[in-house]
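# Summary of the model geometry
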Amino acid sequence: MHDTTHTHIICKHFKDLSTTELYNIIKLRIQVFCVEQNCPYQDADGKDFESWHLMIYDADNILIAYSRILPKGVSYPEYVSIGRIVTAESVRMHGFGKLLMQESLKQTTALFGNAPIKISAQAYLRKFYTSFGFVATGEEYIEDHIPHIGMVKLPIQPPHQGS
């Protein structure tokens with residue numbers, strides 16, 4: 001049984017990653033997105049250089065979950081973005097996806113304030129992302145041979161102060 005309480009979470013800008021951290025990130029992304037999903041695509045898209053990288057390690061110091069946080073203008077002109085959201089197969093259905101999204105949103109707010117966030121979600125995960133306040137925008141589309149949907153999480157508006 002995997003335990004979300006015995007993890008450590010690190011968020012670093014690309015320029016601050018160690019070579020070991022970068023290797024572990026690439027290894028996990030390729031394992032899931034290319035091998036498991038049988039989807040050959042160019043993972044190294046040039047966006048990593050401008051991104052922050054959120055890593056969740058287990059008690060044995062194995063990278064088990066990861067996302068990258070992209071500033072406004074890198075993936076979308078008007079939105080901050082979270083991408084390459086991934087959990088290792090060995091820990092799925094144990095709450096790590098939820099922990100990863102909670103931490104990703106927390107880090108996004110810490111880095112960029114209360115900014116709107118856009119993601120390109122695999123369509124079958126629409127309900128999962130909806131639970132974090134994301135709303136589908138537009139129609140489903142195919143990206144790397146997999147159905148996706150654009151989803152946006154708008155900033156939380158402060159309560160209106162009456163005069």
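Source: prediction; values computed, not measured.

### Some details on the overall build of the protein chain
When you go through the protein chain residue by residue, the secondary structure sums to three helices and seven strands. Listing each helix as α and each strand as β along the protein chain from the N terminus yields β-α-β-β-β-α-β-α-β-β. In terms of principal-axis extent, the alpha carbons of the protein chain reach across some 55 × 35 × 35 Å. Per-residue burial over the protein chain gives 40% buried out of 163 residues. Split by element, the accessible area of the protein chain, about 9,400 Å² in all, is 56% carbon and sulfur.

### Remarks on unusual backbone geometry
You will see that Arg84, though not glycine, has its phi angle at about 50°, which is positive. Its place among the elements puts Arg84 in strand S4 (residues 80–87). If you check the backbone angles, His145 has positive phi at about 70° while not being a glycine. If you trace the backbone, His145 turns up in the loop between strand S6 (135–143) and strand S7 (146–153).

### Focus: the sheet that holds strand S5 (residues 117–122)
Spatial ordering of the open sheet is given by S1-S2-S3-S4-S5-S7-S6, a layout of seven strands whose pairing is mixed. Across the chains shown, the open sheet's two edge strands, defined by having one partner strand only, are strand S1 (8–13) and S6. Between one strand axis and the next, the sheet turns through 20° on average, direction left out of account. Note: S6 against S7, six bridges, orientation antiparallel. Within S7, the residue paired with Ile142 across the bridge is Pro147. Where helix H1 (residues 19–36) meets the sheet, its contacts fall on S1, strand S2 (52–57), strand S3 (63–70) and S4, and the angle it forms with S3 comes to roughly 95°. Sheet strands in contact with helix H2 (residues 96–112) are S1, S2, S3, S4, S5 and S7, and its direction is about 155° off that of S4.

### With respect to H1
For H1, with 18 residues, the first-to-last C-alpha span of 24 Å sits near the 26 Å given by 1.5 Å per residue. The sharpest bend along H1 reaches about 30° and sits at Ile30. Buried within H1 are the following residues: Glu21, Ile25, Leu28, Arg29, Val32, Phe33 and Cys34. Buried residues belonging to H1 abut S1, S2, S3 and S4.

### Structural notes on the side chain of Asp58
Turning to its location among the elements, Asp58 is positioned in the loop between S2 and S3. This buried residue, Asp58, is left without a salt bridge; Lys27 holds the nearest opposite charge, at 11 Å. Within the structure, Asp58 has its side chain in polar contact with the backbone nitrogen of Asp60 (distance 2.9 Å). In this structure Asp58 touches His6, Thr7, His8 and Ile64, once residues within four positions along its chain are discounted.

### As for the pairing of S3
Within S3, eight of the eight residues are buried, which leaves it mostly tucked inside the rest of the structure. Bridge count for S2 against S3 is six bridges, and the pairing is antiparallel. For Trp52, the partnering residue across the bridge sits in S3 and is Ile69. The antiparallel pairing of S2 with S3 creates a hairpin that spans five residues between the two strands, and Asn61 there sits at a positive phi of about 65°. Relative to S4, S3 runs antiparallel, the two sharing five bridges. By the bridge assignment for S4, Leu70 is matched with Ser81.

Conventions we followed
Residues numbered from 1 in each chain as written. Predicted model: local features only at pLDDT ≥ 70, side-chain atom pairs only at ≥ 80, totals over all residues. Heavy atoms only, no water. Helix = DSSP H or I, 4+ residues; strand = E, 2+ residues; numbered from the N terminus. Buried < 20%, exposed > 50% of the residue type's maximum accessible area, 1.4 Å probe, protein only. Areas by Shrake-Rupley, 256 points an atom, 1.4 Å probe, with all protein chains shown as cover. Pairing = 2+ DSSP bridges. Axes fitted to C-alpha atoms, helices over the stretch in contact; angles between N-to-C directions. Contact = heavy atoms within 4.5 Å. Expected span 1.5 Å × (residues − 1). Bend = angle between axes of the 7 residues up to and from the residue. Lys, Arg positive; Asp, Glu negative; His and termini not counted. Salt bridge = Lys/Arg side-chain N within 4 Å of Asp/Glu carboxyl O. Polar contact = N/O pair within 3.5 Å; in protein donor to acceptor, adjacent residues only side chain to side chain.

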